[in-house]
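A structural walkthrough
Listed below, chain by chain, are the residues.
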Amino acid sequence: MADVVILESRERVLAGILFTAAAYFLFSAQDASIKLLVVGMSVWQIMFFRSITVLVACGAIGGRKLFADTASSPIVKPMLVRSAFTLAAWLCYYNAARSLQLAELTTIYYAAPIIVTVLSVLILGETVPLLRWVAVFIGFAGVFIACDPTRLGLSLPVLLVLTAAVLWGIAVVLLRKTAMQERTMIQLVLNNFYFLLFSAVPALIWWRMPDGLQLMLLASVGALGGVAQFMLFEGMKGAPVSIVAPFEYTSLVWAFALGFAIWDDVPRAEVFIGAALIIGAGLLIVGNEHFRKRV
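What you see is a predicted model, and the numbers here were worked out from it, not measured in a lab. (Residues numbered from 1 in each chain as written. Predicted model: local features only at pLDDT ≥ 70, side-chain atom pairs only at ≥ 80, totals over all residues. Heavy atoms only, no water.)

Overview of the overall build of the protein
Counted only if it meets this: For the purposes of this entry, the term helix denotes a DSSP run of H or I that reaches at least four residues, the term strand denotes a run of E that reaches at least two, and both are numbered from the N terminus. The classification of residues rests on relative accessible area computed with a 1.4 Å probe and restricted to protein chains. Under 20% of the type maximum is buried, over 50% is exposed, and intermediate values are partly exposed. We call two residues contacting when some pair of their heavy atoms lies within 4.5 Å.
Looking only at helices and strands, the protein has 12 helices and 0 strands in total. Element order for the protein, N to C, with α for helix and β for strand: α-α-α-α-α-α-α-α-α-α-α-α. A burial count over the protein gives 52% of its 295 residues as buried. The long-range share in the protein, meaning contacts at least 24 apart out of those at least 6 apart in sequence, stands at 91%.

A word on helix α9 (residues 212–238)
Defined as follows: The span expected for a helix works out to 1.5 Å for each residue beyond the first. The definition of a polar contact used here is a pair of N or O atoms within 3.5 Å, where within protein one atom must be able to donate a hydrogen and the other to accept one, and adjacent residues in sequence count solely through side-chain atom pairs.
With 27 residues, α9 ought to run about 39 Å at 1.5 Å a step, and its terminal C-alpha atoms sit 39 Å apart, in line with that. Two to three positions downstream of the cap, the backbone nitrogen of leucine 213 sits 3.2 Å from a side-chain oxygen, assigning the N-cap of α9 to aspartate 211.

What about the confidence of the model for the protein?
Inclusion rule: Each residue carries a pLDDT value, the predictor's own confidence for that position, ranging from 0 to 100.
On average, residues of the protein carry a pLDDT of 79, and 86% of them reach 70 or more. The lowest-confidence element of the protein is helix α10 (residues 241–244), averaging 69 in pLDDT; the highest-confidence one is helix α2 (residues 43–71), averaging 90.

Thoughts on the side chain of arginine 82
Relative to the assigned elements, arginine 82 resides in helix α3 (residues 76–96). Separated by 3.4 Å, the side chain of arginine 82 and the backbone oxygen of alanine 171 make a polar contact. Every residue in contact with arginine 82, bar those within four places of it in the chain, is listed here: Trp168, Ala171, Leu174, Leu175, Asn191 and Phe233.

Re helix α11 (residues 250–263)
If you check α11, its first and last C-alpha atoms are 20 Å apart, about what 14 residues at 1.5 Å a residue would give, namely 20 Å. Three or more residues of α11 are buried, namely Thr250, Ser251, Leu252, Ala255, Phe256 and Gly259.

Quick word on the pattern of salt bridges
Note the cut-off: The term salt bridge refers to a side-chain nitrogen of Lys or Arg lying within 4 Å of a carboxyl oxygen of Asp or Glu.
Per the counting criterion, the structure on display carries 2 salt bridges. One salt bridge in this structure joins aspartate 69 and lysine 65, with 2.9 Å as the shortest N-O distance. Taken together, the residues aspartate 69 and lysine 65, both in helix α2 and 4 residues apart, mark about one turn of the helix. What makes aspartate 69 partly exposed here is its relative accessible area of 21%. Here the salt bridges share partners, and the residues they tie into one network are Lys65, Asp69 and Arg183.

Considerations on the side chain of serine 51
Along the chain, serine 51 falls in helix α2. Of note is the side chain of serine 51, whose polar atom sits 2.9 Å from the backbone oxygen of methionine 47. Setting aside residues up to four positions removed in sequence, serine 51 forms contacts with Asn192, Phe195 and Leu196.

Some details on the packing of α2 against helix α8 (residues 184–205)
To characterise two packed helices, one gives the angle between the axes of the helices and the distance between these axes. The test is simple: In this description, a line fitted to the C-alpha atoms serves as the axis of each element, helices being fitted only across the stretch in contact, and the angle between N-to-C directions of two axes falls anywhere from 0 to 180 degrees. In this scheme, roughly parallel covers angles under 35 degrees and roughly antiparallel covers those over 145, while 65 to 115 is roughly perpendicular and the rest are oblique. Crossing handedness is defined as follows: a turn of the near helix away from the far one that is anticlockwise and smaller than a right angle gives a left-handed crossing, while the clockwise case is right-handed.
In the contact formed by α2 and α8, the axes pass within 8 Å of each other and the chain directions differ by 140 degrees. By the angle class used here, α2 and α8 are oblique. Taken as a pair, α2 and α8 cross one another with a handedness that is left-handed.

Focus on the environment of threonine 70
Looking at where threonine 70 falls in the secondary structure, it is placed in helix α2. C-alpha separation for the pair threonine 70 and valine 189, spaced 119 residues apart in sequence, amounts to 7.3 Å. Once you skip the residues sitting within four places of it in the chain, threonine 70 turns out to touch Val76, Ile186, Val189 and Leu190.

Some points on the nonpolar core
The cut-off we apply is this: Here the nonpolar core consists of buried residues drawn from Ala, Val, Leu, Ile, Met, Phe, Trp, Tyr and Cys, with membership extended through side-chain atoms lying within 4.5 Å.
Grouped together as the largest cluster of nonpolar side chains are 80 residues, with contacts concentrated most on Ile46, Tyr109, Trp168 and Leu232. Ignoring any residue separated from it by four or fewer positions in sequence, one finds isoleucine 46 in contact with Ile34, Leu37, Val38, Met41, Leu218 and Val221.

What follows is the structure in structure tokens.
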């Protein structure tokens, strides 16, 4: 019986890792679409469209019962707080994106997984083994090598990205606290409902009529963002934050791949070295978790 429980626990953690890794790929694809959109419209309008798209999809899947269950959920208030932190992180990140190169932006932002790991100890009381700490810092070293941030100063855009990393770290930890209390679809509805409320007025103030291509991109942002959120919520249910947090590093690899596919950006040799360290850090966590559960 104990062996069955251990096996189920291990499979749940590995499933959580897979869901989280897939979520960050979809978030990277979403970011590529947003990068194309921010040239012609505000972040508020993009967020407004994304929230509507996700809520319509949730309604089509869950119907009125889903919205009724959401209204009576015990996590209505906690998700409001979590959504506020996520929104603030979004605004800081994408406003900084107007002034920084993608490599600079990504490097600074990837302080977030370290912040998540620290907060998982301070807030959630998780025990983080030494090897997992090592994997986190190996991943960050890979980001550092790939993006070479040594020439950056503490300009306003840099401070905005650092702020976004801290806010996102807090949001992920808060998500872990609510993920176990309610099913994923309700969390998805609440998150996007709050985003819709927060973004509606600013979106109308800075509204610009989208053309056909922009409408397609907006739809893709909604679809990618919705599925990514669902997978991230499921991943948080399956594994502790300190395990899945370093897998956010994988989106750096996807960012450079999408940059090459869309904008013909050719990564430097340092990027491939950094990517190897990032992937190695993730494999180290998976291997350690697999071995620890077996013994």
